[in-house]
Amino acid sequence: MDNNKLNAKDLINVGIYTAICAVLVCAVAMTGVIPIMMVLLIVFVPILTGIPYMMFLTKVKKFGMILIMNVILGVFMWVTGMSYYALIVGSIAGLIAEFIYRAGDYKSKWHGIFAFAVSGLYCWANYFGIFFNSEAYFSTRQNFGQEYIDSVTKMLPVWMCPVLFVVDVICGIIGGWIGTKVLRKHFEKAGIA
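Residues numbered from 1 in each chain as written. Predicted model: local features only at pLDDT ≥ 70, side-chain atom pairs only at ≥ 80, totals over all residues. Heavy atoms only, no water.

**Points about the pattern of salt bridges**
Then, number 1: Following the criterion strictly, the structure yields one salt bridge and no others.
Then, number 2: Put simply, aspartate 10 and lysine 62 hold a salt bridge, and the shortest N to O gap is 2.9 Å. Here aspartate 10 is found in helix α1 (residues 8-29), whereas its partner lysine 62 is found in the loop between α3 (50-57) and α4 (65-79), with 52 residues between them in sequence.
Then, number 3: Judged by its relative accessible area of 8%, aspartate 10 is buried.
Then, number 4: A relative accessible area of 12% places lysine 62 in the buried class. (Salt bridge = Lys/Arg side-chain N within 4 Å of Asp/Glu carboxyl O. Helix = DSSP H or I, 4+ residues; strand = E, 2+ residues; numbered from the N terminus. Buried < 20%, exposed > 50% of the residue type's maximum accessible area, 1.4 Å probe, protein only.)

**A word on the side chain of arginine 141**
Then, number 1: Relative to the helices and strands, arginine 141 is located in the loop between α9 (134-139) and α10 (146-155).
Then, number 2: For arginine 141, which is buried and forms no salt bridge, the nearest opposite charge comes from glutamate 135, at a distance of 13 Å.
Then, number 3: With near-sequence residues (within four places) excluded, arginine 141 lies in contact with Gly81, Met82 and Ile149. (Lys, Arg positive; Asp, Glu negative; His and termini not counted. Contact = heavy atoms within 4.5 Å.)

**So, the packing of aromatic side chains**
Then, number 1: Per the counting criterion, the structure on display carries 16 aromatic pairs.
Then, number 2: Judged by centre distance (5.8 Å) and plane angle (65°), the rings of tyrosine 53 and phenylalanine 56 are edge-to-face. You can see tyrosine 53 and its partner phenylalanine 56 sitting in helix α3, three residues apart, about one turn around the helix.
Then, number 3: Tyrosine 53 gets classed as buried once you look at its relative accessible area, which sits at 3%.
Then, number 4: Considering the side-chain rings of tyrosine 137 and phenylalanine 138, the 5.0 Å spacing of their centres and the 90° angle between planes classify their relative orientation as edge-to-face.
Then, number 5: Ring pairing ties together the aromatic residues Trp78, Tyr84, Tyr85, Trp124, Tyr127, Phe128, Phe131, Phe132 and Phe165, which thus form one cluster.
Then, number 6: Sitting over the face of the ring of tyrosine 137, arginine 141 holds its NZ or CZ atom 3.8 Å from the ring centroid. (Phe/Tyr/Trp six-rings, centres within 6.5 Å; stacked < 30°, edge-to-face > 60°. Lys NZ or Arg CZ within 6 Å of the ring centre and 35° of its normal.)

**Overview of helix α6 (residues 109-119)**
Then, number 1: Within the sequence span of α6, burial applies to Gly112, Ile113, Ala115, Phe116, Ala117, Val118 and Ser119.
Then, number 2: At its buried positions, α6 is contacted by α2 (35-48), α3, α4, α5 (85-103), α7 (121-125) and α11 (160-182).

**Examining the packing of α3 against α6**
Then, number 1: The N-to-C vectors of α3 and α6 enclose an angle of 125°; their axes lie 10 Å apart at closest approach. Here α3 lies oblique to α6, going by the angle between them. In this structure, the crossing between α3 and α6 has a hand that is right-handed. Where α3 abuts α6, its residues Gly50, Tyr53, Met54 and Leu57 lie against Lys109, Gly112, Ile113, Ala115, Phe116 and Ser119.
Then, number 2: Taken together, the residues of the contact of α3 with α6 break down into six nonpolar, three polar and one charged. (Axes fitted to C-alpha atoms, helices over the stretch in contact; angles between N-to-C directions. Parallel < 35°, antiparallel > 145°, perpendicular 65-115°, else oblique. Left-handed = near helix turned anticlockwise from the far one by under 90°. Nonpolar A, V, L, I, M, F, W, Y, C, P; charged D, E, K, R; others polar.)

**Focus on α5**
Then, number 1: Over its 19 residues, α5 runs 27 Å from end to end, which matches the ideal 27 Å to within 8%, given 1.5 Å per residue.
Then, number 2: Along α5, the positions that sit buried rather than exposed are Ala86, Leu87, Val89, Gly90, Ser91, Ala93, Gly94, Ala97, Glu98 and Tyr101.
Then, number 3: Tucked inside the fold, the buried residues of α5 contact α3, α4, α6, α7 and α8 (128-132).
Then, number 4: Looking one or two places after α5, you find aspartate 105, whose phi comes out positive at around 55°. (Expected span 1.5 Å × (residues − 1).)

**Let's talk about the environment of cysteine 171**
Then, number 1: Of note, cysteine 171 is situated in helix α11.
Then, number 2: The class of cysteine 171 is buried, set by a relative accessible area of 8%.
Then, number 3: Considering only alpha carbons, one finds cysteine 171 and isoleucine 16, 155 residues apart in sequence, at a separation of 23 Å.

**What to know about the environment of proline 35**
Then, number 1: Note on placement: proline 35 falls in helix α2.
Then, number 2: The exposure class of proline 35 is partly exposed, given its relative accessible area of 22%.
Then, number 3: Residues proline 35 and isoleucine 149, 114 residues apart in the sequence, show an inter-C-alpha distance of 8.2 Å.

Written as structure tokens, this is what we have:
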């Protein structure tokens, strides 16, 4: 038996923690009906998903689990009406996060925190539709009303794209750090320093 290959238990862990993160993302996304909350999703999603994600990392000992989670979350974002950008960026970010966490031999707390911060860039990619093709993005959201559309587009001009990238990474580091503090006993049990 090859211990480097993903087994059923690994895939079950991916499924469980992906579902938990997806539920949290949905709960936060529902607040997006308020224009300022649409902008602040980039803050709340990485901070709130930090705890389950860091718990997930205590189960990750093989390459591929983070990538699978990110691909599923990217597909979830796409089918729930965000954009396919989350799938593309999320897949690339998930692969980079895999290498970051593996570089820490699946034991380094800080490698885990940085892997989480990078893997969460699918959240940033959700804004691409607003930044680069707002007319098409809002054409499917006319029921929100013109006042909402105007407010969001005013708060999210194109120059905010790199700003939100930085905010997403910083909030990912904060969320990952909070996750490690909350789950300290689990990390110690899993041998993650």
